[in-house]
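# An overview of the molecular structure
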Amino acid sequence: ARTARVVLRGRGRCFSLGAELGEFGTTRDPAEAHAIRMRSLPARALLGCAERLEVHVQGACIGAGLEIAAFARRIVAARNAWFQLPELAMGLL
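In short, a report on the structure. Since the model is a prediction, treat every value here as computed from it, not as a measurement. (Residues numbered from 1 in each chain as written. Predicted model: local features only at pLDDT ≥ 70, side-chain atom pairs only at ≥ 80, totals over all residues. Heavy atoms only, no water.)

## Here we look at the pattern of salt bridges
This model, assessed by the stated rule, comprises three salt bridges. In this structure, the salt-bridge partner of glutamate 51 is arginine 73, at a minimum N-O distance of 2.5 Å. In this pair, glutamate 51 is assigned in the loop between helix H1 (30–40) and strand S2 (53–57) and arginine 73 in the loop between helix H2 (64–70) and strand S4 (74–77), connecting sequence segments 22 residues apart. Owing to a relative accessible area of 59%, glutamate 51 belongs among the exposed residues under this scheme. As a salt-bridge pair, arginine 74 and glutamate 54 come within 3.3 Å of each other at their nearest N and O atoms. A residue pair is termed long-range when its members are at least 10 positions apart, and arginine 74 in strand S4 and glutamate 54 in strand S2 qualify at 20 residues. With relative accessibility at 46%, the residue arginine 74 sits in the partly exposed group. Note on glutamate 54: relative accessible area 8%, which makes it buried. (Salt bridge = Lys/Arg side-chain N within 4 Å of Asp/Glu carboxyl O. Helix = DSSP H or I, 4+ residues; strand = E, 2+ residues; numbered from the N terminus. Buried < 20%, exposed > 50% of the residue type's maximum accessible area, 1.4 Å probe, protein only.)

These figures capture arrangement, not role.
Right, here's the structure in full:
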């Protein structure tokens, strides 16, 4: 039996602007911060359908949005799609 695919698209001018930056730095312990992030990672919810997931990206695909797209078996990017991980510049990764 063939399993249905899951298609994820953003609405509007961008796919995703990422996580709420105000949440970063709310704890001083890096291990605790990592544990919190691993539990609340938006892409984590997609683990069960990653093999069937197809993501269509238009405009900005930033931070957590990029993580979501990375879980997909297939990514379709529009001509205006661009990708960024601000966490790198913030020294969080």
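That shown, we press on.
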